[in-house]
Amino acid sequence: MPTTRTLTQPRVAVKLSATARNQLNDGTSTTAAFLADVNDKLKSGVGPELVNRVWQWKHVATSPKTIASAANVVIDLYDYAGLDAGAGDGRDALGQLIEMERVVAILIKNENAIDAAGSLEIEPDGTNGWTPIGTHTVATGGALRGGGSLLKYQPDSGAFDVDDGTNHRIKLTANGGDVNYSVWVLGRHDDETSSSSSSSSSSSSSSSSSSSSSSSQS
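Residues numbered from 1 in each chain as written. Predicted model: local features only at pLDDT ≥ 70, side-chain atom pairs only at ≥ 80, totals over all residues. Heavy atoms only, no water.

Draft legend 1. Representation of the environment of Gln-96. Looking at where Gln-96 falls in the secondary structure, it is placed in the loop between strand S8 (72-76) and strand S9 (102-110). Separated by 91 residues in the primary sequence, Gln-96 and Arg-5 have C-alpha atoms spaced 9.4 Å apart. (Helix = DSSP H or I, 4+ residues; strand = E, 2+ residues; numbered from the N terminus.)

Next comes the structure, spelled out in structure tokens:
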């Protein structure tokens, strides 16, 4: 029987806000508020608004995640084979093997400085490509430039399906310069339910938070 894993306080938070102001000829002005707010507190488990897997591939100075210009990185969203964030190849932050059958949220960010060279292209890989990510390239106008992010979020019971062997790989390509990038994924493995037990491992998932979004990365 597999070890049960639980997540503590998983959450997805995105906020877009601004105030539009119109200055009139008589010196008075009118304003209008602009606000879009997603602030979902999820729970640990399998089903609607539930997650039980989390994976982070974060660019930091001590562990840079960089794609050289014209090169690419392929991420297998099912088992993360070939990627070691510090706890072992294909393992989560707790050192446990990770298999993800559904993606609830994925956030990809181009960590380059704003207006720096290097666009991050995101698309299904040519082999068993994960189609829910969509195609975001320089040619389509959807590549992520420095500071840009792409977030896809689906909290219902189906989430975004990941099918090992047929529909599970995304490709990230650096176009026009080297690209530093980060990727965060919240998802589910349907065969393991959430429960409290002495054998449970508990992990704290980080919020996906953004004040603005553009297209995204890997």
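This is not the end of the story, as more comes after the structure.
Draft legend 2. Quick peek at the pattern of salt bridges. Tallying each qualifying case throughout the model produces 5 salt bridges. The closest approach of N and O atoms between Arg-102 and Asp-161, which form a salt bridge, is 3.7 Å. Of this pair, Arg-102 sits in strand S9 while Asp-161 sits in strand S12 (residues 160-161), and the two are 59 residues apart along the sequence. A residue is classified by how much of its surface remains accessible, and Arg-102, at 22% relative accessible area, is partly exposed. Overall, the relative accessible area of 40% leaves Asp-161 in the partly exposed class. Glu-123 serves as the salt-bridge partner of Lys-171, at 3.9 Å between the closest nitrogen and oxygen. Placement of the pair is Lys-171 in strand S13 (residues 169-175) and Glu-123 in strand S10 (residues 119-124), with a sequence separation of 48 residues. (Salt bridge = Lys/Arg side-chain N within 4 Å of Asp/Glu carboxyl O. Buried < 20%, exposed > 50% of the residue type's maximum accessible area, 1.4 Å probe, protein only.)

Draft legend 3. View of the sheet that holds S8. The strand order across the open sheet formed by 3 strands is S8-S13-S10, and the pairing between neighbours is antiparallel. Only two strands of the sheet have a single neighbouring strand rather than two, namely S8 and S10. Adjacent strand axes in the sheet meet at a mean angle of 20 degrees, parallel and antiparallel pairs treated alike. Looking at chain direction, S8 and S13 are connected through 5 bridges and run antiparallel. By the bridge assignment, Ile-75 is partnered in S13 with Ile-170. (Pairing = 2+ DSSP bridges. Axes fitted to C-alpha atoms, helices over the stretch in contact; angles between N-to-C directions.)

Draft legend 4. Representation of unusual backbone geometry. Positive phi is not limited to glycine here, since Tyr-80 has a value of about 55 degrees. Accessibility expressed as a relative area gives 0% for Tyr-80, which makes it buried. For Asn-128, which is not glycine, the phi dihedral falls at a positive 50 degrees. Within the secondary structure layout, Asn-128 lies in the loop between S10 and strand S11 (149-153). Residue class for Asn-128 comes out partly exposed when judged on its relative accessible area of 29%.

Draft legend 5. Layout of the packing of aromatic side chains. As enumerated under the stated definition, the model contains 3 aromatic pairs in all. Ring centres of Trp-55 and Trp-57 lie 5.7 Å apart, and the angle between their planes is 10 degrees; on these two criteria the pair is classed as stacked. Under the relative-accessibility criterion, Trp-55 is labelled buried at 3%. Plain terms: the ring middles of Trp-55 and Tyr-80 are 4.4 Å apart, the flat faces sit at 25 degrees to each other, and that makes the pair stacked. Residue Trp-55 is located in strand S6 (residues 53-57), and its partner Tyr-80 is located in the loop between S8 and S9; the two are separated by 25 residues in the primary sequence. (Phe/Tyr/Trp six-rings, centres within 6.5 Å; stacked < 30°, edge-to-face > 60°.)

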